[in-house]
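Below are the chains, spelled out letter by letter.
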Amino acid sequence: MISRFGKMSLLAVGLVSVIGAGGFAYAATQMENDGIPSTPAKIPLIQAVSAAELHANGKAVRAEYEKTKQGWVYDVEVVSGLKVFDVRVDADKGTVIASTEDKADRDDDHDKKD
């Protein structure tokens with residue numbers, strides 16, 4: 001999987017775990033609870049990352065599986081040129097449901113600027 005993301009470090013991409021025979025993927029960062037979600041995604045992480053990269057025309061640097069008011073989504077951070085986009089992908093359908101340019105800062109240290 002590292003070759004898919006080029007020279008990025010595992011820390012930047014996040015910890016990816018494949019759980020059980022069903023093979024659903026879950027991404028977590030150091031700052032979040034890395035427990036297993038109660039609802040497995042219907043699409044794999046790599047499919048969500050591909051959809052986000054195509055949508056933003058860039059390369060993913062971070063991906064998380066998280067619960068929102070609308071349900072479970074993949075939140076994928078994509079770098080395209082000098083811009084960074086936060087792309088949300090529906091975890092059941094694999095479609096992009098939102099995309100915004102991240103203007104707060106270029107890192108994701110979960111500080112007050114994020």
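Details of the structure are given in the entry above.
In short, a report on the structure. (Residues numbered from 1 in each chain as written. Predicted model: local features only at pLDDT ≥ 70, side-chain atom pairs only at ≥ 80, totals over all residues. Heavy atoms only, no water.)

We now examine the pattern of salt bridges. In this structure the tally under the stated criterion is five salt bridges. In this structure, the salt-bridge partner of R62 is D86, at a minimum N-O distance of 3.8 Å. Within this pair, whereas R62 is found in strand β3 (residues 59–68), its partner D86 is found in strand β5 (residues 83–90), the two being separated by 24 residues in sequence. Its salt-bridge partner being E66, residue R88 comes within 3.3 Å of it at the nearest N-O pair. Placement of R88 in strand β5 and of E66 in strand β3 is noted, with a sequence separation of 22 residues between them. One network of salt bridges, in which partners are shared, links R62, E64, D75, E77 and D86. (Salt bridge = Lys/Arg side-chain N within 4 Å of Asp/Glu carboxyl O. Helix = DSSP H or I, 4+ residues; strand = E, 2+ residues; numbered from the N terminus.)

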